[in-house]
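Next come the chains, spelled out residue by residue.
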Amino acid sequence: MGMVMTVCMILVSVFVIVSAIVPTTGRSGTGKVSQLFGTIALLAGCWNALWHGLRHLGEHWGHAALGSGALMLVIGACLLVPARMPVAIVRALPLLALALAGFAGYYGYTIYHL
């Protein structure tokens, strides 16, 4: 399951960072793609934070799952309902995605060395 979470984190991070760099105003279909990645982030975040993270709070992977899951939940909410999120969080979305990419790198490195 760690590999699945790593792939989800990489996909969401790349999407948010590329969306911040490349302007998408006026393009058709960007809302649906954003909803897709928002849904991926929310589902993976729920699994990581609310299931695995809370069940393994005293362990290394529990802490990593809780942190990355919380980031994915916030990013997913920003992608799905940006109008209902605080403006400061929506503006910080690329930084949150960069932090999520850091978690993905850490997951990948740790899983590779198991």
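Look above for the structure.
All of the points below concern the structure found in this document. Note that residues are indexed from 1 along each chain, following the sequence as it is written. pLDDT decides what is reported in this predicted model: residues at 70 or higher carry local features, side-chain atom pairs at 80 or more are listed and counted, and totals for whole chains, interfaces and linings draw on all residues regardless. By convention in this description, side-chain values take in all heavy atoms of the structure and omit both hydrogens and water.

## Focus on the packing of helix H2 (residues 30-55) against helix H3 (residues 60-80)
Part 1: Lines fitted to C-alpha atoms define the axes, with helix axes restricted to the stretch in contact, and inter-axis angles between N-to-C directions lie between 0 and 180 degrees. Numbered from the N terminus, helices here are DSSP runs of H or I no shorter than four residues, and strands are runs of E no shorter than two. Close contact between H2 and H3 brings their axes to 7 Å; oriented N to C, the two are set at 150°. Classed by the angle they form, the pair H2 and H3 counts as roughly antiparallel. Like other packed secondary-structure pairs, H2 and H3 cross with a definite hand, here left-handed.
Part 2: Class assignment of the residues belonging to the contact of H2 with H3 gives a composition of 16 nonpolar, 12 polar and no charged. In what follows, roughly perpendicular refers to angles from 65 to 115 degrees, roughly parallel to angles under 35, roughly antiparallel to angles over 145, and oblique to any angle outside these ranges. By convention the crossing between two helices is left-handed if the near helix lies anticlockwise of the far one by an angle smaller than a right angle, and right-handed if it lies clockwise. Residue polarity follows a fixed list, in which Ala, Val, Leu, Ile, Met, Phe, Trp, Tyr, Cys and Pro are nonpolar, Asp, Glu, Lys and Arg are charged, and the others, Gly among them, are polar.

## A short note on a nonpolar patch on the surface
Part 1: Patches here are clusters of residues that have more than 30% relative accessible area and form no salt bridge, with a 9 Å joining cutoff for like charges and a 5 Å cutoff for nonpolar side chains (Val, Leu, Ile, Met, Phe, Trp, Tyr). Reported accessibility uses the Shrake-Rupley method at a 1.4 Å probe radius. Residues are deemed covered only where the shown protein chains occlude them. Here, a salt bridge means any side-chain nitrogen of Lys or Arg that lies within 4 Å of a carboxyl oxygen of Asp or Glu. A contiguous nonpolar patch, built from Ile 10, Val 14, Val 18, Ile 21 and Val 22 and spanning about 420 Å² of accessible area, is present on the exposed surface.
Part 2: In this structure, Val 18 sits in helix H1 (residues 2-21).
Part 3: Note on exposure labels: buried denotes an accessible area under 20% of the residue type's maximum, exposed denotes more than 50%, and partly exposed covers the range between, all computed with a 1.4 Å probe on protein chains only. Here Val 18 falls in the partly exposed class, since its relative accessible area comes to 43%.

## Some details on the environment of Leu 71
Part 1: Checked against the element boundaries, Leu 71 lands in helix H3.
Part 2: When the C-alpha positions of Leu 71 and Ala 49 are compared, they lie 9.1 Å apart, and in sequence the two are 22 residues distant.

## Examining H3
Part 1: In a regular helix each residue adds 1.5 Å, so 21 residues correspond to 30 Å; H3 covers 30 Å between its end C-alpha atoms and thus fits that length.
Part 2: Along H3, the positions that sit buried rather than exposed are Gly 62, Ala 64, Ala 65, Ser 68, Gly 69, Leu 71, Met 72, Ile 75, Gly 76, Ala 77, Cys 78 and Leu 79.
Part 3: Whether two residues are in contact is decided by their heavy atoms, any of which lying within 4.5 Å being enough. In the core, the buried residues of H3 are packed alongside H1, H2, helix H4 (87-91) and helix H5 (93-112). What a helix is expected to span follows from its residue count: subtract one and scale by 1.5 Å.

## Remarks on the packing of H1 against H3
Part 1: Remark: H1 packs on H3, axes separated minimally by 11 Å, with the N-to-C direction vectors making an angle of 40°. In terms of their interaxial angle, H1 and H3 are classed as oblique. The chirality of how H1 crosses H3 is left-handed. Facing Met 5, Met 9, Val 12, Phe 15 and Val 16 of H1, the residues of H3 in contact are Ser 68, Met 72, Ile 75 and Leu 79.
Part 2: Partitioned by chemical class, the residues of the contact of H1 with H3 number eight nonpolar, one polar and no charged.

## A short note on the nonpolar core
Part 1: Met 9, Val 16, Ile 75, Leu 79 and Leu 100 are the most contacted members of the largest nonpolar core, which has 21 residues in total.
Part 2: Sorting the residues of this core by element identifies H1, H2, H3 and H5 as the ones contributing at least two each.
Part 3: Tallying contributions element by element places H3 first for this core, with seven residues.
Part 4: Contacts of Val 16, omitting those with residues within four sequence positions, involve Ile 75, Leu 79, Leu 93, Pro 94 and Ala 97. Side-chain atoms within 4.5 Å are what join buried Ala, Val, Leu, Ile, Met, Phe, Trp, Tyr and Cys residues into a set we call a nonpolar core.

Honestly, that's just the spatial picture; any functional story needs more than this.
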